[in-house]
Structures are given as C-alpha cells and as structure tokens.
Amino acid sequence: MERGNRNAMRALTFFFVMLCWAGVVHASTLDDVKARGSLRCGVNPGLQGFAAMSDDGQWSGFDVDFCRAVAAAVFGDPEAVEFVPLSAKDRFDKLAKGEIDLLARNTTWTMSRETLLHFRFAGVSYHDGQGFIVKKLLGVTSALHLSGAAVCFLAGTTTQDNVEDFFREKEMQFVPVMFDTLDKLVAAFDGGECDTYTTDLSQLYAVRLRLADPDDSLVLPDVISKEPLGPLVRQGDDQWYSIVRWTLYALINAEELGITSASVDEMLATSRKPEVRRLLGAEGDLGASMELTADWAARAIKAVGN
C-alpha cells in the first residue's frame, strides 16, 4: 500500500510538472507581446546612427529600425514598439528579468554572454571593431603611442577586456577611467579628464560629433578587436528566437535580392523569382511555423527597408 501511494504521488507530481511546463511554453514571449499589443525593445539611450530620440520624442537609428521590423513582422505595425533606453550596465539585467522582449543595443556577440548569461544572439547586424579617439593636441597618431595614457571607457562592456589585452600584449601601461553613462564619459573626454576614449569605431565617430569642437579630435587608425554587434533574446524560447533571427535574415536577404521598402509591393505582385516569392509570402507560408502571417517578411521590409 505504501509503495502504491508513493508511485501514485510520483505520477501526480510528474503530471503536475508537465502541466506547469506546458503552461510555461504556452506563455511564450510572442504570447506576451501579442497580449500587450506592443514590443518592448531595449536600445541605446542616445547613440547617433544606432538609437537616438529627437526633441519631439521620435526614435531613429539602425537598431531602432530593427525593433520596428520585428514589430511589423508580428503586428503588421512598425509603430507597435515601446523603446526602452538602457545603459550598458543595465541592459542584460533588464533582458534577463523579462522587462524587455528584445535587446537591440549595439551589443557584441560573445561566447560568455550566451553560455554564462544565457542569452541568444540572433546574428550579426553590424560588424565593428574597437578603436581610440584622442585630442589632436596630444600629438598621437597611433594607439602604440598611448603608453601611460588615461583611458576612458564604459563599464559593463567588452571594451575593458579588449583594452587590457591590447596594452598587456604591447607591454604598455594605462590608467583606466570608467563611467556608467555615455554622457558622463563624453563630458570627461571633452574636459580633458582622460587622454583617450576607446570603444567601437562607429560609436567613436558618433561621439566625435557631440564634442564641443569635433575638429580638435582624431579617431586613430588602429583597430584592436572584432565587435560583431547584433540583437539578442533570452534563452529558452526558441519560437521567439526564430522570429527575431529570421527577421534579421529576411532584411539581409532582401538586400541581396534587391528588395527595398519602395519596391516590395511591386516585387510581391510581379516577381517570378522563387527566392523572392518565398521571402515575400507569394509562395508557401514560411510564417506559419512561427505563428506569423505569410507576408511577415514583406511587412518588415516595407516598414524599414532592407
């Protein structure tokens, strides 16, 4: 009798666990996004070219457009997005806690961010590399001349590891000066608190435009790292991962196939090329497996281009 009760309890426990598991799977990110009626997308609080808000509250930029593409794929509405500005320090915590559905914030794809932080990168949307910016008065033309320099960088980024590796390999010394926001860092560099600022090259050129006198500063030619940037999501929801990943690939394929936001409707109606017809939903139904409409990719391309 005791053994029978124990077996019955095991069976009930297994049944309960399976019910809970089924509930978790059903309550997917896509379900949450649809129930809310909008996508919560984490972006940079202000990086020209990637994510920046205008005086009238309108967001624009490369990463911002990717968020809109995902919203268009899901809802057919690129404006069904709530942009959540996040610092480099806070971005992973917000994603892990489910406060955002997607992080599209000029973030480097690394092994540790997938294996230790349990995120999944959808792919590479922008391939960058780390460099240095200096004031011309410093008289420096190469990063190899920066031994002993005070180096500014943002906390919570791959920048610190890269700069430490570079200086150690070259047997050079430096003084680290860390900041938690880009605004503080730019002010410090502009005010002479550090000799150089190091980060991705795309960000250096954007920051240069924010300086009091951009022409007084120089981006050095040295590139000390590979920085494959891309959008990422939490692990454990393959359906949502597929939606984000294949939205990225759809935009890349659209560029290869010559499909633009202006031409997508015409190509959808007239193209005889099988690749184009499948991508835009004229043939087959690639969206069904992700619980999206057949024209999900066409909607994303029409919203933001390729």
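Before any of the text, the structure's been laid out above.
Rules of the game
Residues numbered from 1 in each chain as written. Predicted model: local features only at pLDDT ≥ 70, side-chain atom pairs only at ≥ 80, totals over all residues. Heavy atoms only, no water. Axes fitted to C-alpha atoms, helices over the stretch in contact; angles between N-to-C directions. Helix = DSSP H or I, 4+ residues; strand = E, 2+ residues; numbered from the N terminus. Left-handed = near helix turned anticlockwise from the far one by under 90°. Contact = heavy atoms within 4.5 Å. Nonpolar A, V, L, I, M, F, W, Y, C, P; charged D, E, K, R; others polar. Phe/Tyr/Trp six-rings, centres within 6.5 Å; stacked < 30°, edge-to-face > 60°. Buried < 20%, exposed > 50% of the residue type's maximum accessible area, 1.4 Å probe, protein only. Lys NZ or Arg CZ within 6 Å of the ring centre and 35° of its normal. Salt bridge = Lys/Arg side-chain N within 4 Å of Asp/Glu carboxyl O. Pairing = 2+ DSSP bridges. Right-handed = clockwise from strand over helix to strand, strands pointing away. 1 Å grid on protein atoms, 1.4 Å probe; cavity = no way out; pocket = protein on both sides within 12 Å on 5 of 7 lines; lining within 4 Å. Points joined across faces, edges and corners; volume = space filled by probe spheres on them. Core = buried A, V, L, I, M, F, W, Y, C linked by side-chain atoms within 4.5 Å.

Let's shift gears to the packing of helix α3 (residues 62-75) against helix α12 (residues 296-304). As a packed pair, α3 and α12 sit with axes 8 Å apart at the nearest point and diverge in direction by 145 degrees. The handedness of the crossing between α3 and α12 comes out as right-handed. In this structure, α3 uses D65, R68, A69, A72, A73, V74 and F75 to contact α12, whose residues at the interface are W296, R299, A300, A303 and V304. Among the residues forming the contact of α3 with α12, the class breakdown is 9 nonpolar, no polar and 3 charged.

Here we take up the packing of aromatic side chains. If you walk through the whole model with that rule in mind, you get 10 aromatic pairs. Relative to F166, the ring of F132 has its centre 5.9 Å away and its plane inclined at 45 degrees; by these criteria the two rings are tilted. In this pair, F132 sits in strand β8 (residues 130-135) while F166 sits in helix α6 (residues 159-169), placing the two residues 34 residues apart along the sequence. F166 shares its class with F132; the two are buried. By the ring-pair criterion, three or more aromatic residues cluster together here, those being F132, F166, F167 and F174. If you follow R120 out to its NZ or CZ, it ends over the ring of Y241, 3.8 Å from the centre. Lying across the ring of F189, K135 places its NZ or CZ 5.2 Å from the centre.

Looking at where V124 falls in the secondary structure, it is placed in the loop between β6 (119-121) and β7 (126-128). Residues in contact with V124, not counting those within four places in the same chain, are W109, P228, L229, L248 and I252.

Tracing the backbone through its elements, the reader meets S271 in the loop between α10 (264-270) and α11 (274-280). For S271, a relative accessible area of 13% puts it in the buried group. Those residues in contact with S271 that lie beyond four places of it in its chain are E266, V276 and R277.

Attention now moves to the pattern of salt bridges. Evaluated as defined, the whole model comprises 15 salt bridges. The shortest N-O distance in the salt bridge between K135 and D190 comes to 3.8 Å. Taken as a pair, K135 in strand β8 and D190 in helix α7 (residues 182-190) lie far apart in primary sequence, 55 residues in all. Classification of D190 by relative accessible area gives partly exposed; the value is 27%. Here the salt bridges share partners, and the residues they tie into one network are D65, R68 and E79.

Glancing now at the pairing of strand β10 (residues 174-179). As paired strands, strand β9 (residues 149-154) and β10 are joined by 6 bridges and run parallel to one another. Note on β10: the bridge partner recorded for C152 is V177. Traced from β9 through α6 to β10, the parallel crossover comes out right-handed.

With that settled, the discussion passes to the sheet that holds strand β11 (residues 196-200). The 5 strands are arranged β10-β9-β11-β8-β12 in an open sheet whose pairing can be described as mixed. The sheet terminates laterally at β10 and β12 (217-219), the two strands that pair on one side only. Along the sheet, successive strands turn relative to each other by an average axial angle of 30 degrees, direction set aside. Sitting on the sheet, helix α8 (residues 201-208) is in contact with β8, β9, β11 and β12, with an inclination near 130 degrees to β11.

The subject of this paragraph is empty space enclosed by the protein. If you walk through the whole model with that rule in mind, you get 1 cavity of 30 Å³ or more. The calculated volume of the largest cavity comes to roughly 160 Å³. Lining the largest cavity are 18 residues, with R91, N106, T157, T199 and D200 sitting closest to its centre. Residue assignment for the lining of the largest cavity shows that the elements contributing at least two residues are β11 and β13 (227-229). It is β11 that provides the largest number of residues to the lining of the largest cavity, a total of 3 residues.

This brings us to the side chain of T196. Relative to the helices and strands, T196 resides in strand β11. Excluding anything up to four places from it in sequence, T196 contacts F132, I133, V134, L146, A150, V151, C152 and F189.

In terms of nonpolar packing, the biggest core is built from 43 residues, with W240, I259, L279 and L280 touching the most fellow members. Mapped onto this core, the elements with two or more residues apiece are α2 (29-36), β1 (39-43), α3, β4 (81-85), α9 (238-257), α10, α11 and α12. Take this core: its biggest share by element is 9 residues, from α9. Sequence-distant contacts of L280, defined by excluding residues within four places in its chain, comprise I259, V264, M267, L268, A294, D295, A298 and I301. Ranked by size, the runner-up nonpolar core spans 22 residues in total, among them V186, Y197, L211 and V219.

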